[in-house]
Amino acid sequence: MIPFNRPSLVGNELDYIREAVELGHLSGDGQFSKRCHAWLEAAVGGQALLTHSCTAALEMAAILADLQPGDEVIMPSYTFVSTANAVALRGAIPVFVDIRPDTLNIDETLIESAITNRTRAIIAVHYAGVCAEMDAISEIAKRHGLFVIEDAAQALMSTYKGRPAGSLSDAAAFSFHETKNLLSGEGGALVVQNEKLMERAEIIREKGTNRRQFFRGAVDKYTWVDIGSSFLPSELVAAFLLAQLENGNVITQKRIDICQTYRAAFVDAAKSGRIALPVVPQHCGFNGHMFYVLFPGIEGRTKFMNAMKAAGVMTPFHYVPLHSSPAGRRFGRHHGELKTTDSVSERLVRFPVFFDLGDNQDRVIAAALRALDEIGV
Ligand SMILES: *Cc1c(COP(=O)(O)O)cnc(C)c1O
């Protein structure tokens, strides 16, 4: 069986973990966390804090946005649950809008009509490593005084008009989950663009205490000053992650190559209209996070996935739209019809993209071309 994803060692992961143990500091914010912060700040800009997940970084961003019960946050429905959970956990209301049919990112032309006097923030998800239309989103946010969050879980090292994903909003969340580009098993980071937010973020991340300021010598005692939780990862996680970050360019380039190889293999099937391929606009720099194809309908997709499984290849799909999920209906509301979201959710299939895919990619492609012929879509 060719798996959908498999994590690999690419550099000094194990040596760094040993080093972390020998340094005698295994809790958070030691040498390795600091080196990861520096890497992220150089790559993305702003100020970075490692978290134990992107989910945690999104929860921190929701606190930084000062969401109060009943406040509304506009976001796509076609995303991972953590985007909406962060809002619901504050008692605020996710307001789901539809996505664009090309990039599958939030349709920025639908945002303004979803704004009410309770709207406080917009969360843009950079789906598949392709940035949402941040210029338009920032302009709307500015006009209405809204906080902007990037769910950049899939977009580390992607760009928008030459600017790094994660630098295009007030607060951005990255993921180092093993299914993402650079990984540490579970892991994430928050990146913020202003000093005031950073000051509060440090406190929220340290259980609501000013512990970090205390260790810097900025205050003479440390105490409980705000709400917060334990959002930071251990040094073992940071040590593993640093090795991945140091190889970020190599890993990213390999994923881009894999995606390009898939694209070239399926270009004829796309030309004949049997499937559609991902769209990456000229102004978006792609990080090779994901390769997917879209079928004309759910029937073709189901047949294709079954044929792939029989050929020993895992090709999963996602997402079940949040606006029609039980919790989405309970905690959120949707603005207008979400036709593209519903349709894409039934038609999309993902292909294996991981560092050590190697020659197995040829087998995946051969199986896929055979499956396409067999099912006759
Ligand atoms: C993976 C993912 C997350 C969650 O990341 P974790 O690090 O697993 O918490 C959130 N949002 C999106 C869009 C994701 O793809």
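Above this text you will find the structure in question.
Residues numbered from 1 in each chain as written. Predicted model: local features only at pLDDT ≥ 70, side-chain atom pairs only at ≥ 80, totals over all residues. Heavy atoms only, no water.

1. Let's talk about the overall build of the protein
Logical step 1: Scanning the protein for helices and strands turns up 14 helices and 13 strands.
Logical step 2: For 377 residues, the compact-globule estimate of 2.2 N^0.38 gives 21 Å, and the protein sits close to it at 21 Å.
Logical step 3: For the C-alpha atoms alone, the extent of the protein along its principal axes is close to 70 × 55 × 35 Å.
Logical step 4: Counting the 377 residues in the protein, one finds 54% classified as buried.
Logical step 5: Per element, the accessible surface of the protein, about 15700 Å² overall, is 53% carbon and sulfur. (Helix = DSSP H or I, 4+ residues; strand = E, 2+ residues; numbered from the N terminus. Rg over C-alpha atoms; globule rule 2.2 N^0.38 Å. Buried < 20%, exposed > 50% of the residue type's maximum accessible area, 1.4 Å probe, protein only. Areas by Shrake-Rupley, 256 points an atom, 1.4 Å probe, with all protein chains shown as cover.)

2. Remarks on the site of the ligand
Logical step 1: Around the ligand, the surrounding shell holds 14 residues, and the nearest of these are Thr55, Asp151, Gln154, Ser175 and Lys180.
Logical step 2: For the ligand, an oxygen atom lies 3.5 Å from a polar atom in the backbone of Gly187.
Logical step 3: For the ligand, whose free accessible area comes to 380 Å², the fraction covered by protein is 93%.
Logical step 4: Looking at the shell around the ligand, its residues break down into 5 nonpolar, 7 polar and 2 charged. (Near = heavy atom within 4 Å. Polar contact = N/O pair within 3.5 Å; in protein donor to acceptor, adjacent residues only side chain to side chain. Nonpolar A, V, L, I, M, F, W, Y, C, P; charged D, E, K, R; others polar.)

3. A look at the nonpolar core
Logical step 1: Residues Ile137, Leu156 and Phe176 are the most contacted members of the largest nonpolar core, which totals 47 residues.
Logical step 2: Counting residues per element, this core draws most heavily on helix α9 (residues 235–246), which supplies 6 residues.
Logical step 3: Of all hydrophobic cores here, the second largest spans 35 residues; its members include Ala65, Met75, Ala86 and Met198. (Core = buried A, V, L, I, M, F, W, Y, C linked by side-chain atoms within 4.5 Å.)

4. Observations regarding the packing of aromatic side chains
Within a pair of aromatic rings, the relevant descriptors are the distance that separates the centres and the angle that separates the planes.
Logical step 1: Going through the model one piece at a time under the given rule, you end up with 15 aromatic pairs.
Logical step 2: Seen from their ring centres, Phe214 and Tyr222 are 5.7 Å apart, and the 50° between their planes marks the pair as tilted.
Logical step 3: Owing to a relative accessible area of 30%, Phe214 belongs among the partly exposed residues under this scheme.
Logical step 4: The class of Tyr222 is partly exposed, set by a relative accessible area of 42%.
Logical step 5: Where Tyr262 meets Phe291, the ring centres are 5.1 Å apart and the plane angle is 25°; that geometry is what we call stacked. Residue Tyr262 is found in helix α10 (residues 248–271), and its partner Phe291 is found in the loop between β10 (284–285) and β11 (292–294); the two are separated by 29 residues along the sequence. When sorted by exposure, Tyr262 lands in the same class as Phe291, which is buried.
Logical step 6: These aromatic residues form a ring-pair network of at least three members: Tyr262, Phe266, Phe291, Phe295, Phe304 and Phe351.
Logical step 7: For the cation-ring pair, Arg35 lies above Tyr16, with the distance from its terminal atom to the ring centre recorded as 5.4 Å.
Logical step 8: When the ring centre of Phe355 is taken as origin, the NZ or CZ atom of Lys254, which lies over that ring, is 4.0 Å away. (Phe/Tyr/Trp six-rings, centres within 6.5 Å; stacked < 30°, edge-to-face > 60°. Lys NZ or Arg CZ within 6 Å of the ring centre and 35° of its normal.)

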